[in-house]
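Working through the structure, step by step
What follows is the residue order along each chain.
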Amino acid sequence: MAKGNPLQEQLLKAGLVKKSKLAEVAREQNKARHGKGPAAPNEIQREAERVRAEKAERDRAIEAERKAQARAAELRAQARQIIEDRKVPRTGEVEYRFTAHGAIRTVLVNDDLRRKLSAGALVIVQVDDRYELLPRVAADKVRERDAGMIVLDHGQGTGTEAATSEDDAYYAQFQVPDDLMW
């Protein structure tokens, strides 16, 4: 052992401390003198920690977006499957015209299918570049999964009923008496 503190040597001779405890204290004093204790984080370390935290947050956001896209793709696939399973076969030579995405489209149907379309019992949906007819129940299931596939639905309330009732109330005040009618 190198030259130690005279007080420490006296305590050791008197048997009040053990040699191992004395060596441990000497090492701690040496570390304190040379400044080899745990260093406070410097600017570079703080910046690195901040960058790590930002990257973790960005990764969480990307993962959440990826999961949302996967869920949307899954719902679209379910809607496509419902359409393929439940589509009504189209037969006939009567043209049924409707607007889809700002253009007038035509499907060929028979009189029975035309009546059902007009009544809202059947709905027109778009799958890729073709149009299919679906019964109302199946169309409601498709609407839950991907409402953008529904092109024409006469059974769906669109809010025109309210406008019609307001119009009716307005024009009722100008009603012509029956005796003036021709």
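Here, the structure is the one placed above.
Worth saying up front: this structure is predicted, and the values here are computed from it rather than measured. Starting afresh in each chain, residues are numbered from 1 along the sequence in its written order. Per-residue local features of the predicted model are confined to residues with pLDDT of at least 70, and side-chain atom pairs are confined, for both listing and counting, to 80 or more; whole-chain, interface and lining totals are unaffected and use all residues. By convention in this description, side-chain values take in all heavy atoms of the structure and omit both hydrogens and water.

Considerations on the overall build of the protein
Quick note on the threshold: Strands are runs of DSSP state E lasting at least 2 residues, helices are runs of H or I lasting at least 4, and numbering of each runs from the N terminus. Only protein chains enter the accessibility calculation, which uses a 1.4 Å probe; a residue is then buried when its area is under 20% of its type maximum, exposed when over 50%, and partly exposed in between. Contact criterion: two residues are considered in contact whenever any of their non-hydrogen atoms come within 4.5 Å of each other. Only the protein chains shown count as cover for residues, with accessible areas throughout obtained via the Shrake-Rupley method and a probe of 1.4 Å.
The secondary structure content of the protein amounts to six helices and five strands. Buried positions account for 18% of the 182 residues belonging to the protein. For the protein, the share of sequence-separated contacts (at least 6 apart) that also reach a separation of at least 24 residues comes to 45%. For the protein, the accessible area works out to roughly 14,100 Å², and carbon and sulfur atoms hold 53% of it.

Some details on the nonpolar core
Put simply, the test is: Nine residue types can take part in a nonpolar core, namely buried Ala, Val, Leu, Ile, Met, Phe, Trp, Tyr and Cys, and a core is a set of them joined through side-chain atoms within 4.5 Å.
In terms of nonpolar packing, the biggest core is built from 14 residues, with Tyr 96, Phe 98, Ile 124 and Leu 133 touching the most fellow members. Put simply, the parts of the chain that give this core at least two residues each are strand 1 (94-100), strand 2 (103-109), helix 4 (111-119), strand 3 (122-127), strand 4 (130-135) and strand 5 (150-152). Here this core gets three residues from one element, more than from any other, and that element is strand 1. For Tyr 96, the residues in contact, after removing those within four places along its chain, are Arg 105, Thr 106, Val 107, Val 109, Arg 114, Leu 117, Ser 118, Ile 124, Leu 152 and His 154. In this structure, Ala 79, Leu 134, Ala 139 and Val 142 belong to the second largest nonpolar core, which totals 12 residues.

Brief notes about the pattern of salt bridges
This is how the line gets drawn: Salt bridge, as applied in this entry: a Lys or Arg side-chain nitrogen positioned within 4 Å of an Asp or Glu carboxyl oxygen.
Scanning the model with the defined rule gives 20 salt bridges in all. For the salt bridge of Glu 84 with Arg 130, the shortest nitrogen-to-oxygen distance reads 2.3 Å. Taken together, the positions of Glu 84 in helix 3 (residues 43-86) and Arg 130 in strand 4 put the pair 46 residues apart, joining distant regions of the chain. Assessed through its relative accessible area of 29%, Arg 130 is described here as partly exposed. Connected via shared salt-bridge partners are Glu 84, Lys 87, Arg 130 and Glu 132.

A short note on the pairing of strand 2
Selection rule: For two strands to be treated as a pair, DSSP must find at least two bridges joining them.
As defined by bridge partners, strand 1 adjoins strand 2 across seven bridges and the pair is classed as antiparallel. Across the sheet, residue Thr 99 finds its bridge partner in strand 2, namely Ile 104. Here strand 1 folds back onto strand 2 in antiparallel fashion, the turn holding two residues, of which His 101 has a positive phi close to 55 degrees.

Describing the sheet that holds strand 4
We count it as follows: Orientation is described by axes fitted as lines to C-alpha atoms, over the contacting stretch for helices, and by angles from 0 to 180 degrees between their N-to-C directions.
Read from one edge to the other, the open sheet built from three strands follows the order 4-3-5, with strand pairing classed as antiparallel. Because the sheet does not close on itself, it has two edges, and the strands there are strand 4 and strand 5. The sheet shows a mean angle of 45 degrees between the axes of neighbouring strands, taken without regard to direction. Where strand 3 and strand 4 come together, six bridges link them in antiparallel fashion. By the bridge assignment for strand 4, Gln 126 is matched with Tyr 131. Strands in contact with helix 3 are strand 3 and strand 4; relative to strand 4, the strand with the most contacts, it is inclined by about 75 degrees.

What about the environment of Glu 57?
Test applied: Counting of polar contacts relies on pairs of N or O atoms within 3.5 Å, with two restrictions inside protein: one atom must be capable of donating a hydrogen and the other of accepting it, and residues adjacent in sequence are counted only when both atoms are side-chain atoms.
As for its position among the elements, Glu 57 is in helix 3. Given the relative accessible area of 46%, Glu 57 is considered partly exposed. Among the polar contacts made by the side chain of Glu 57, one reaches the side chain of Arg 60 at a distance of 2.9 Å.

A word on helix 3
What counts is decided by this rule: Helix span, expected: 1.5 Å multiplied by one less than the number of residues in the helix.
Given a rise of 1.5 Å per residue, 44 residues ought to cover 64 Å, and the 65 Å separating the end C-alpha atoms of helix 3 matches this to within 8%. When we look at burial in helix 3, the residues that qualify are Leu 75, Ala 79, Ile 82 and Ile 83. In this structure, the buried residues of helix 3 make contact with strand 3, strand 4 and helix 5 (136-145).

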